[in-house]
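The primary structure of each chain is shown beneath.
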Amino acid sequence: MAQVQLFKKVGKYTDKDGKEKTSTRFYVKCNDTLVPVEVPYFEGKDGERDYQYSNRKAVLTAFADNLPDKDKPEDKPNSAPETTSN
């Protein structure tokens, strides 16, 4: 049976006006595969605003766990650097 988990990653970015903003990215992990998920913005007729966008994003945010940091490979002090021969 496949195990499915919902994760979020919160980050910061600077917009075109120089203001710092917060972004949230969502991922679904299915067994060992991490799949990015985007919350769509549905623009209505005549440019009408999507009033449910923030609600959809809030639901994902509430149920998502923080995405753990990637495991960094440990340096092997006893290993020699790779060399190539010609």
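Below is a short write-up of the structure. Keep in mind that this is a model prediction, so the values were computed, not measured.

Details of the overall build of the protein
Summing up its helical and strand segments, the protein has one helix and four strands in all. Along the protein, helices (α) and strands (β) appear in the sequence β-β-β-α-β when read from the amino end. Looking at the protein residue by residue over its 86 residues, the buried ones come to 9%. Sequence-distant contacts in the protein: of pairs separated by 6 or more residues, those separated by 24 or more amount to 36%. Total accessible area on the protein is roughly 8,300 Å²; 48% of this is exposed by carbon and sulfur atoms.

Some remarks on the pairing of strand 2 (residues 20–30)
Successive residues of a regular strand alternate their side chains across the two faces of the sheet. Pairing analysis gives 11 bridges linking strand 1 (residues 4–14) to strand 2, with the strands arranged antiparallel. Residue pairing for strand 2: G11 is matched across the bridge by S23. Adjacent in sequence and paired antiparallel, strand 1 and strand 2 are bridged by five residues, among which G18 carries a positive phi angle near 85 degrees. As consecutive antiparallel partners, strand 2 and strand 3 (residues 33–37) are separated by two residues, and within that stretch N31 has a phi angle of approximately 55 degrees, a positive value.

Concerning the pairing of strand 3
Alignment of strand 2 against strand 3, held across five bridges, turns out to be antiparallel. Bridge pairing in strand 3 places Y27 opposite P36.

Side note on the sheet that holds strand 4 (residues 65–66)
Taking strand neighbours across the sheet as the criterion, the four strands line up as 3-2-1-4 in an open arrangement whose pairing is mixed. With partners counted over all chains shown, the strands left at the sheet margins are strand 3 and strand 4, one partner each. Against the sheet, helix 1 (residues 53–63) engages strand 1, strand 2 and strand 4, with an angle of about 65 degrees to strand 2.

Concerning the packing of aromatic side chains
Taken as a whole and assessed by the stated rule, the structure comprises one aromatic pair. Taking the centre distance of 5.7 Å and the plane angle of 65 degrees together, the rings of Y41 and Y53 count as edge-to-face. Residue Y41 is found in the loop between strand 3 and helix 1, and its partner Y53 is found in helix 1; the two are separated by 12 residues along the sequence. We classify Y53 as partly exposed; its relative accessible area is 26%.

Notes on the side chain of D50
Tracing the sequence through the fold places D50 in the loop between strand 3 and helix 1. A distance of 2.9 Å separates a polar atom in the side chain of D50 from the backbone nitrogen of F42. The residues contacting D50, other than those within four sequence positions of it, are P40, Y41, F42 and R56.

The rules behind the values
Residues numbered from 1 in each chain as written. Predicted model: local features only at pLDDT ≥ 70, side-chain atom pairs only at ≥ 80, totals over all residues. Heavy atoms only, no water. Helix = DSSP H or I, 4+ residues; strand = E, 2+ residues; numbered from the N terminus. Buried < 20%, exposed > 50% of the residue type's maximum accessible area, 1.4 Å probe, protein only. Contact = heavy atoms within 4.5 Å. Areas by Shrake-Rupley, 256 points an atom, 1.4 Å probe, with all protein chains shown as cover. Pairing = 2+ DSSP bridges. Axes fitted to C-alpha atoms, helices over the stretch in contact; angles between N-to-C directions. Phe/Tyr/Trp six-rings, centres within 6.5 Å; stacked < 30°, edge-to-face > 60°. Polar contact = N/O pair within 3.5 Å; in protein donor to acceptor, adjacent residues only side chain to side chain.

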